[in-house]
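Summary of structural features
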There are 2 protein chains.
Amino acid sequence: MSAPLRIALAGLGTVGAGVIRLLETNGELIAQRAGREIQVTAVCARDRSKDRGIDLSPYAWEDDMTALAARDDVDVVVELVGGSDGPALALARNALNGGKHLVTANKAMIAHHGMELASVAEAGNAALKFEAAVAGGIPVIKGLGEGAAANAIDRLYGILNGTCNYILSQMESTGADFGDVLKDAQELGYAEADPTFDIEGVDAAHKLAILASIAFGTKLDFGAVDISGITKIRAADIAQADALGYVIRLLGTADVDTGSGEKRLLQRVQPYLVSKEHPLAAVDGPTNAVVLECNFAGRLLFEGAGAGDGPTASAVVADIVDIARGNFGAPFSLPAGALQPAAPADPGNRLSRFYMRFVVADRLGVLAEITAAMRDAGVSIESMIQHGHPEEGGDVLVAIVSHEGPESGVSAALDLLDGSPSLSEAPLVMRLLG
Amino acid sequence: MSAPLRIALAGLGTVGAGVIRLLETNGELIAQRAGREIQVTAVCARDRSKDRGIDLSPYAWEDDMTALAARDDVDVVVELVGGSDGPALALARNALNGGKHLVTANKAMIAHHGMELASVAEAGNAALKFEAAVAGGIPVIKGLGEGAAANAIDRLYGILNGTCNYILSQMESTGADFGDVLKDAQELGYAEADPTFDIEGVDAAHKLAILASIAFGTKLDFGAVDISGITKIRAADIAQADALGYVIRLLGTADVDTGSGEKRLLQRVQPYLVSKEHPLAAVDGPTNAVVLECNFAGRLLFEGAGAGDGPTASAVVADIVDIARGNFGAPFSLPAGALQPAAPADPGNRLSRFYMRFVVADRLGVLAEITAAMRDAGVSIESMIQHGHPEEGGDVLVAIVSHEGPESGVSAALDLLDGSPSLSEAPLVMRLLG
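Every chain is numbered on its own, with residues counted from 1 as its sequence reads. Key to labels: chains lettered from A, ligands numbered from 1, both in the order written. The predicted nature of this model means local features are confined to residues of pLDDT at least 70 and side-chain atom pairs, given and counted, to a pLDDT of 80 or more, with totals for whole chains, interfaces and linings taken over all residues. Water and hydrogen atoms were dropped before computing side-chain values, which therefore reflect all heavy atoms in the structure.

As a further point, take the interface of chain B and chain A. Interface size is commonly expressed as the accessible area that is lost once the parts come together. Across the boundary between the two partners, chain B contributes 48 residues, which contact 48 residues of chain A. Note on terms: buried area is the combined drop in 1.4 Å-probe accessible area of two parts once they are placed together, counting the loss on both. Between chain B and chain A, a total of about 3800 Å² is buried, with carbon and sulfur atoms accounting for 54% of that surface. Interface area lost by chain B to chain A is led by Arg33, Ala150 and Phe296 of chain B, which between them contribute 19%. Definition used for salt bridges: Asp or Glu carboxyl oxygen within 4 Å of a side-chain nitrogen of Lys or Arg. Counting across the interface, chain B meets chain A through two salt bridges. One salt bridge in this structure joins Lys142 of chain A and Glu146 of chain B, with 2.8 Å as the shortest N-O distance. The secondary structure listing takes helices from DSSP runs of H or I that are at least 4 residues long and strands from runs of E that are at least 2 residues long, numbered from the N terminus. Elements with a minimum of two residues in the side of chain B that touches chain A: α1 (14-34), α5 (140-147), β12 (298-305) and α11 (309-325) of chain B. Of the residues forming the side of chain B that touches chain A, the biggest block, nine residues, is contributed by α1 of chain B. Charged residues are taken to be Asp, Glu, Lys and Arg, nonpolar residues to be Ala, Val, Leu, Ile, Met, Phe, Trp, Tyr, Cys and Pro, and polar residues to be all remaining types, Gly included. Counted by class, the side of chain B that touches chain A contains 25 nonpolar, 15 polar and eight charged residues. Alignment of strand β12 (residues 298-305) of chain A against β12 of chain B, held across three bridges, turns out to be antiparallel. When the sheet's bridge partners are listed, Glu303 of chain A is paired in β12 of chain B with Leu301 of chain B. Should any heavy atoms of two residues lie within 4.5 Å, those residues are considered in contact. Two strands qualify as a pair provided DSSP detects at least 2 bridges between them.

Quick look at the structure:
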């Protein structure tokens with residue numbers, strides 16, 4: 001058996017402690033599989049005295065995180081601190097510049113600085129691995145970059161944020177409104193005290209941009225992701241979707257558009273109405289799932305726990321095992337220099353069916369105004385339902401499902417209605433999947 | 001870029017032709033990802049003149065398959081001939097003994113000779129890869145051996161045979177009986193002229209034994225798989241399952257039992273009643289899906305096309321890309337010498353709910369006889385339904401669902417009924433999942 005692979009661990013929150021617990025529990029098995037022992041030599045966290053339920057005495061302690069990258073007894077730095085910049089980024093740069101391998105669960109850092117870090121890693125023949133950054137314990141980066149390596153990827157999409165999926169599933173099963181479910185989710189630990197990154201879709205967008213770069217061989221471009229969250233979804237939308245045979249899921253979607261003669265990329269995070277017949281409709285609670293549409297393998301689906309200390313630690317250690325086995329190459333499958341820039345695609349000519357929900361004032365002619373706008377923009381209405389009774393107070397909702405048509409039509413219809421005193425708030429628009 | 005990786009292809013049926021088409025279509029992309037060109041140099045098949053829709057002129061032709069393994073211009077032999085022994089095995093042995101890498105889609109050969117071939121491959125530092133042998137285009141061997149490498153696997157189970165799943169899905173959606181659906185499946189190409197290996201569960205058992213060896217670090221032991229097929233399932237069983245909230249799926253299941261103090265393995269291929277709430281219930285048609293229950297990652301699910309030229313070629317070429325990148329180790333994750341023998345576990349004390357269906361004679365006291373046997377064996381009945389009216393002719397079916405109890409109880413009840421003139425044929429027993 002080869003010499004042990006020596007690990008420094010930065011960050012001892014739930015995931016960091018999970019990695020130590022995993023290596024303690026499965027260490028012998030992992031050493032057999034990796035062909036060498038995985039040995040944690042040094043650790044660093046904010047508070048040395050905090051009780052984490054694990055014995056830290058076998059490991060050297062560093063107060064200064066970047067010192068981990070300078071230690072002679074470290075082959076791999078595992079960064080579990082989080083944050084796109086700051087100490088995490090400094091540590092990552094130091095580690096890779098010093099020729100050490102880096103494993104991270106930090107989706108924000110990879111989404112913002114993945115191209116730079118990949119170049120540094122490749123230049124030094126070091127590994128940069130981040131399976132845990134996308135979809136928790138699901139080995140989807142491996143599935144995409146290695147398992148599906150023989151394929152051109154036509155499209156990828158999936159449920160990439162467990163918090164949103166938990167909230168939407170709970171709204172579905174309880175009939176409660178967004179705010180109430182969010183509060184429960186926070187109390188249960190499924191949502192953070194500041195849930196903005198999750199519920200506004202930013203976290204899912206980080207993950208989507210990472211997957212898209214690997215899938216399409218394009219430069220990672222987080223800024224190009226068109227992002228909508230789930231905060232405007234009401235219990236009435238969930239009920240309406242249900243009546244139509246759909247559930248609502250926040251999806252990240254990415255595909256390549258070559259219609260303009262050049263390779264353009266459409267990356268979006270948006271709530272969808274997903275047909276109950278589609279496998280993603282059955283993905284409940286904090287589970288994640290990713291679908292790859294491949295030109296030879298067809299549709300591949302990967303599903304599992306999207307977060308949590310155990311699943312995330314599983315992905316971190318899988319990366320470490322790959323490094324121990326010498327199984328690593330370019331972090332984004334192609335060498336960083338070979339990744340192509342791709343301008344954002346214009347979705348205007350994309351065909352879809354649409355769900356459009358309006359909150360309307362109780363006044364004569366509102367429906368006529370909305371339907372006229374649809375007609376004038378060429379949007380063909382498949383069904384229209386009005387919810388709520390004005391005499392009972394509260395909002396009156398009008399939900400429209402369109403026949404298949406281009407997105408540009410829906411945009412034009414909404415432009416016609418923009419500023420209309422008939423509408424009490426901005427309309428909510430969601431595409432239908434399946 | 002490194003020198004091309006040179007491939008010899010044995011077998012030009014649908015999968016072999018698919019590999020050539022894939023390499024022609026995606027060759028440039030694959031060369032970028034692999035860091036080197038994948039170059040087919042020589043091919044061999046039974047009939048040189050057959051029109052396969054592909055141009056074979058760029059490749060050297062060998063009439064003698066084993067000559068492929070002796071060529072100097074070949075680094076990887078791809079075996080797509082099939083059959084557990086005979087020419088395929090001779091070619092595999094020749095290739096690996098000659099220090100060449102071997103990629104194969106041949107589940108029967110790996111199930112029967114995987115241990116021997118792995119030892120030869122490891123001794124010569126050659127790759128032996130067989131992603132395409134299990135679950136078609138789904139990268140489940142990679143997901144298990146690499147993606148889930150940090151985990152002890154508690155249990156694995158899945159839909160491993162597309163033909164059976166297609167037949168069962170069709171019986172479900174059409175209400176037709178087994179024989180009629182099989183005939184249609186044969187006409188549509190979803191079932192072979194001789195469908196025995198598929199419908200009797202042997203093909204699924206080949207795949208299960210391969211997965212179990214990798215998951216549990218045990219010597220591959222195909223002979224220990226307890227196999228039942230789907231030939232005895234009637235339309236009435238499907239209807240009865242549906243009424244209970246279940247669908248019927250042929251599952252391969254494997255887990256480790258340490259109750260006896262030593263590591264024992266339970267491997268089975270059997271039809272199950274799968275709750276409609278379970279993700280596997282939604283897996284329709286020729287799709288495959290595998291679930292891994294991991295001690296840290298939790299439940300991982302991999303789903304996709306279980307057969308077909310495109311998906312199988314995708315898995316074959318993914319293996320070739322791994323070899324091109326130098327990403328390969330022990331074929332069964334642990335070195336062949338480290339895999340442990342594991343005796344078959346006794347399922348008698350396993351708890352489950354059971355579906356038991358009896359074809360009974362039209363005579364007084366039949367139900368009393370069956371229920372007395374259940375009582376005497378300690379099997380607690382949850383529900384019992386009698387199908388069919390004797391006066392209309394045809395069989396009378398009695399279906400019983402038990403409360404959760406040990407398998408030994410059900411076996412004892414069936415022993416009590418064995419040989420009873422009340423039963424027109426052997427009872428059909430299926431476990432309930434979910």
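After presenting the structure, the write-up continues.
Once that is clear, we can look at empty space enclosed by the protein. Site definitions follow a grid-based scheme: protein atoms alone, a 1 Å grid, a 1.4 Å probe that fits but cannot get out for cavities, and for pockets an open set with protein on both sides within 12 Å along at least five of seven lines, plus lining residues having an atom within 4 Å of a point. Grid points are joined across faces, edges and corners, and a volume is the space filled by probe spheres set on the points. For the structure shown, the criterion picks out one cavity of 30 Å³ or more. Approximately 80 Å³ is the volume found for the largest cavity. Around the largest cavity, the lining residues are Pro279, Ala282 and Glu303 of chain A together with Pro279, Ala282, Val283 and Glu303 of chain B. Of the residues assigned to the lining of the largest cavity, the class counts are five nonpolar, no polar and two charged.

The next thing to look at is the relation of the copies chain B and chain A. Here chain B sits on chain A after a turn of 180° about the axis and a move of 0.0 Å along it, with an RMSD of 0.0 Å. Viewed as a symmetry operation, the transformation between the two copies matches a two-fold axis. A share of 100% of the interface residues of chain B reappears at the interface of chain A, consistent with the copies meeting face to face through the same patch. The atoms used to superpose the copies are C-alpha atoms, taken from residues with pLDDT of at least 70 in both, and the fit is least squares.

The next point concerns the sheet that holds strand β3 (residues 60-61) of chain A. Residues and elements named next belong to chain A. Here six strands make up an open sheet; going across it, the order is β3-β2-β1-β4-β5-β6 and the pairing parallel. Both outer strands of the open sheet, β3 and β6 (128-129), are each paired with one neighbouring strand and no more. One ladder, built from two bridges, connects strand β5 (residues 101-104) with β6; its direction is parallel. Pairing of Leu102 across the sheet is with Leu128, part of β6. Sheet contacts for helix α1 (residues 14-34): β1 (5-10) and β2 (38-44); angle to β2, the most-contacted strand, approximately 160°. Axis definition: a line fitted to C-alpha atoms, limited for helices to the stretch in contact. Angles are taken between N-to-C directions and run from 0 to 180 degrees.

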